[in-house]
Structures are given as C-alpha cells and as structure tokens.
Amino acid sequence: MIYPVPKPRHKRRVPKQKDRTKITNKVRREVLKRSEGKCERCGRSSAYVFEMAHLIQASHGGRGDDPANIAYLCGPSVNTGTCHNFADYTAEGRAWRMKKLEELKRYYGK
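Residues numbered from 1 in each chain as written. Predicted model: local features only at pLDDT ≥ 70, side-chain atom pairs only at ≥ 80, totals over all residues. Heavy atoms only, no water.

## Details of the UniProt feature "domain: HNH nuclease" (unreviewed entry) in the protein
Now for step 1: Residues given the UniProt feature "domain: HNH nuclease" (unreviewed entry) here are residues 26–80.
Now for step 2: For the annotated span residues 26–80, helix accounts for 18% and strand for 22% of the residues, and the straight-line distance between the end C-alpha atoms is 29 Å. (UniProt positions renumbered as here; feature names shortened; annotations may be inferred. Helix = DSSP H or I, 4+ residues; strand = E, 2+ residues; numbered from the N terminus.)

Encoded structure:
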C-alpha cells in the first residue's frame, strides 16, 4: 500500500523580484504628470486605452518603482497598430524602448 505525503501547511513565499516589477501608484502618478496624459511615442491624447509599459520588460527584471523605466503608451499591447504593441513586439520598437530609456535616465539625472 502507498501512503501519500501530506501537503505542507505553510504558505509559499512570494519572490521579492515580483514586488519590484509591479508599477507602484507613486510611479503611475509621476508618469501621468510627465506625459501630460498623452502617448509618449505618438503624442495621441485620446485612444481606446492607455497603458503603463515597462521599457526594460518586467520578465527581464525591469523595475516598476522607477519612473525612468515606465512609459505611458496607447494600447492595448495585444492590438496591432498601437504604440504598446509596437514597443513590445517589433525590433524597431525594442530599439525605441532603449532610446526612450536613455532619454528618461537623463531626465531623472541617473
């Protein structure tokens, strides 16, 4: 007869990196102020939706508590033709993200 091992009764610990990649409310306010409510790529002030986008992807350790790593883009990222989709899924967009990151580092004096 096989006796199963009981499941542990403790909660799993959440990795700390996940906490750093989440965009904080303070950063959201700063990015909205900096962008003046307009897409930071095309300058559009009205769109279906606007989204905060990591310039260094969260999956690559991009921080959400650093306003120099966040851009305000028209979206959603899954719709082709939007700036968020361009930035995430094209080679030109990846180059634009790195250029924007350098611009924002200078803006914040980093």
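## Things to note about the pattern of salt bridges
Now for step 1: Within the structure shown, the criterion is met by five salt bridges.
Now for step 2: Linking glutamate 40 and arginine 34 is a salt bridge whose minimum nitrogen-to-oxygen distance equals 2.9 Å.
Now for step 3: Close ionic contact of aspartate 65 with arginine 63 constitutes a salt bridge, the shortest N to O distance being 2.7 Å.
Now for step 4: Overlapping salt bridges bring together Arg34, Glu40, Lys100 and Glu103 as one network. (Salt bridge = Lys/Arg side-chain N within 4 Å of Asp/Glu carboxyl O.)

## Examining the environment of proline 76
Now for step 1: Within the secondary structure, proline 76 sits in the loop between strand S2 (70–75) and helix H3 (83–89).
Now for step 2: Beyond its immediate sequence surroundings of up to four residues, proline 76 is in contact with Tyr48, Val49, Glu51, Thr82 and His84. (Contact = heavy atoms within 4.5 Å.)

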